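Okay, here's what each chain looks like letter by letter:
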Amino acid sequence: MNRLPYNAATASYLFHVMIMKFIRTLFILPFALVLPHTSAGSDSPVSLDTPPASLEKWYKPANKRQVWLHTMFRLRREMQAIGEYAEQNDPASMAKWIERLDKDYNKIAEMVPEWEKAIKPRLLPELEMFARKGDSHRVGKTLEMIQRTCDDCHIDYQPLVTAIYRSPHYDDISVKTLDGGEQDFEDNMDDLSKSVNQILIALDDGRKAKALQAGQRLAGQLKNLGDSCNHCHEDDDYPRERILGTDTRQHLEDLQTNISAGRVKDSQKLMGEIAVSVCARCHNTHRIVYDLRDALMP
Ligand code: HEC
Ligand code: HEC
Ligand code: HEC
């Protein structure tokens, strides 16, 4: 199920992981600043270093696939396989996975030479030797040492790399305007915001015709925005239905009915509901990550 063509099939999970990482980073940072001494021994503060430029080659759109990320998934699988076969005392199976780990671990520095010092390739022949001798205790210890090199790099770089190369961006999406032209995503947002406020101002000032006009514009702008969802949510109608579907269309119709009938309070209440169920609901998944990406991008 590859719903998001610009991304791996794991988009949903990664999106979540990314938000959690940012949140963790945002919380740990001020903490480390406030309590530098008590935290020094246990948790070191998180720093976000700019990743080397050569990493870009291993991500879309420079590459056809997310090569770096898939190498990482393999590394985790290989580490797990070796650990499990060590427990089961199965040297033949261990040998197979150690050979793969050796290849993929060394690929880190082959792909990104700037990271050569971040890995310890000499640990691989040692791992292979301990496995051959059936010394599962030392196999375990060596795996731990390799894991430490994984963790060190992840702490410094992982959140920013995820933000730069794998978070959705909206720059190349065009949305229809009400007069049949095209606009970018951000201009559509500005227009939405204007319409929402025009309705609220007109309601406040008792200008019914103006409010109705702006209400109609808002409905049209949201319909056009909805046509852009499949840019990412390919072959999946659910996301659009969830935010801009039957319920929302009904709200927008009810709004016009209420404004026409002069029910200002009910109209204002409906506007509040639309702002939450349409704007805020979409912003909570899409805009938060977009803004963080924008702020973190070097
Ligand atoms: C796709 C779901 C989505 C929906 C629905 C949505 N937004 Fe947005 N909005 C975004 C994203 C993503 C951004 C940040 C991207 C950008 O600014 O280009 C954004 C940014 C904005 C901005 C800042 C624009 C700027 O100039 O930086 C405003 C204002 C805004 N939205 C208003 C609204 C209002 C009002 C509504 C509801 C009537 C709404 N949005 C509905 C996704 C959405
Ligand atoms: C020199 C840096 C570096 C080293 C060493 C490294 N990684 Fe990574 N790893 C990264 C970066 C950068 C990412 C973020 C990739 C992304 O989000 O697209 C990552 C992401 C991952 C992920 C994906 C996590 C997720 O679910 O999103 C896994 C799994 C992973 N690494 C496993 C490993 C393992 C296992 C090792 C050690 C054997 C390792 N990595 C060594 C840099 C490194
Ligand atoms: C630039 C890419 C992009 C665009 C454009 C986009 N989305 Fe999303 N959306 C994502 C990503 C990434 C996720 C998180 C992964 C997932 O759930 O598929 C997501 C998640 C969602 C979710 C929550 C998950 C779900 O399936 O319930 C909803 C709802 C949603 N989007 C609605 C919309 C709507 C409505 C639009 C158009 C107005 C839209 N999206 C446009 C990238 C995008």
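Structural data are supplied above this passage.
Quick caveat: nothing in here was measured; it's all calculated off a predicted structure.

So, how was this worked out
Residues numbered from 1 in each chain as written. Chains lettered and ligands numbered in written order. Predicted model: local features only at pLDDT ≥ 70, side-chain atom pairs only at ≥ 80, totals over all residues. Heavy atoms only, no water. Helix = DSSP H or I, 4+ residues; strand = E, 2+ residues; numbered from the N terminus. Buried < 20%, exposed > 50% of the residue type's maximum accessible area, 1.4 Å probe, protein only. Areas by Shrake-Rupley, 256 points an atom, 1.4 Å probe, with all protein chains shown as cover. Donors = N, O, S within 2.8 Å, 3.2 Å for Na, K, Ca; no water. Tetrahedral: all angles 85-135°; square planar, octahedral: opposite > 155°, others 65-115°. Near = heavy atom within 4 Å. Polar contact = N/O pair within 3.5 Å; in protein donor to acceptor, adjacent residues only side chain to side chain. Nonpolar A, V, L, I, M, F, W, Y, C, P; charged D, E, K, R; others polar. Salt bridge = Lys/Arg side-chain N within 4 Å of Asp/Glu carboxyl O. Patch = residues over 30% accessible without salt bridge, like charges linked within 9 Å, V, L, I, M, F, W, Y side chains within 5 Å. Lys, Arg positive; Asp, Glu negative; His and termini not counted. Charge placed at Lys NZ, Arg CZ, Asp CG, Glu CD. Core = buried A, V, L, I, M, F, W, Y, C linked by side-chain atoms within 4.5 Å. Contact = heavy atoms within 4.5 Å.

Participant: So what's going on with the overall build of the protein chain? Which residues, and what values?
Facilitator: When you go through the protein chain residue by residue, the secondary structure sums to 11 helices and two strands. Tracing the protein chain from N to C terminus, the helices and strands come up as α-α-α-α-α-α-β-β-α-α-α-α-α. When burial is assessed residue by residue, the protein chain has 37% of its 298 residues classed as buried. If you sum the accessible surface of the protein chain, you get close to 17900 Å²; carbon and sulfur atoms cover 54% of it.

Participant: Could you give an account of the coordination of the iron atom of ligand 3, with specific residues and numbers?
Facilitator: Only His233 (NE2) and His286 (NE2) from the protein coordinate the iron atom of ligand 3, and they sit 2.0 Å from it. One can describe the site at the iron atom of ligand 3 as octahedral: its six donor atoms subtend angles covering 88 to 179° at the metal. Pair noted here: His233 is in the loop between helix H8 (208-226) and helix H9 (238-244) and His286 is in helix H11 (residues 264-296), with a separation of 53 residues, a long-range link. Judged by its relative accessible area of 18%, His233 falls in the buried class. We classify His286 as partly exposed; its relative accessible area is 23%.

Participant: Give a detailed account of the site of ligand 1, specifying residues and quantitative values.
Facilitator: Around ligand 1 there are 16 residues in total, and Met189, Asp190, Cys279, Cys282 and His283 lie nearest to it. The separation between an oxygen atom of ligand 1 and a polar side-chain atom of Asp190 is 3.2 Å. For ligand 1, a nitrogen atom lies 2.8 Å from a polar atom in the side chain of His283. When contributions to the shell around ligand 1 are tallied by element, the ones reaching two or more residues are helix H7 (185-204) and H11. Its residues placed into classes, the shell around ligand 1 shows 10 nonpolar, three polar and three charged.

Participant: An account of the pattern of salt bridges is requested, with residue identities and associated values reported.
Facilitator: Opposite charge on two side chains permits pairing when their charged atoms draw close. Within this structure, the stated rule accounts for nine salt bridges. With a closest N to O distance of 3.5 Å, Glu126 and Arg122 form a salt bridge. Within this structure, Arg74, Asp104 and Lys107 form a network of salt bridges that share partners.

Participant: Lay out a positive patch on the surface with the relevant residues and their values.
Facilitator: A surface patch of positive charge is lined by Arg76, Arg77, Lys96, Arg100 and Lys103. Of all the secondary structure elements, the ones that give two or more residues to the positive patch are helix H3 (67-87) and helix H4 (91-111). Position of Lys96 relative to the elements: it lies in helix H4. For Lys96, a relative accessible area of 42% translates into the label partly exposed.

Participant: How would you explain a negative patch on the surface if you had to name every residue and give the values?
Facilitator: On the surface, a cluster of negative charge is made up of Asp171, Asp172, Asp184, Glu186, Asp187, Asp190 and Asp294. The greatest single-element share of the negative patch, amounting to three residues, is contributed by H7. Turning to its location among the elements, Asp294 is positioned in helix H11.

Participant: Lay out the coordination of the iron atom of ligand 1 with the relevant residues and their values.
Facilitator: For the iron atom of ligand 1, the protein coordination sphere consists of Met189 (SD) and His283 (NE2), at 2.1 to 2.3 Å. Around the iron atom of ligand 1, the six donor atoms are arranged such that angles at the metal cover 87 to 178°; this shape is classified as octahedral. One end of the pair, Met189, is in helix H7; the other, His283, is in helix H11, with 94 residues separating them in the sequence. Relative accessible area serves as the criterion here: at 26%, Met189 is assigned to the partly exposed category.

Participant: Outline the nonpolar core, listing residues and values.
Facilitator: Counting 38 residues, the largest nonpolar core has Leu55, Trp68, Ile82, Leu101, Leu127, Val139 and Ile146 as its most contacted members. Going through the elements one at a time, H3, H4, helix H5 (123-132) and helix H6 (136-166) are the ones with two or more residues in this core. Those residues in contact with Ile146, other than ones at most four positions away along the chain, are Met79, Leu101, Tyr105, Leu123, Leu124 and Leu127. Core analysis: the next-biggest nonpolar cluster, separate from the first, contains 23 residues, Leu192, Leu203, Ala211 and Leu222 among them.

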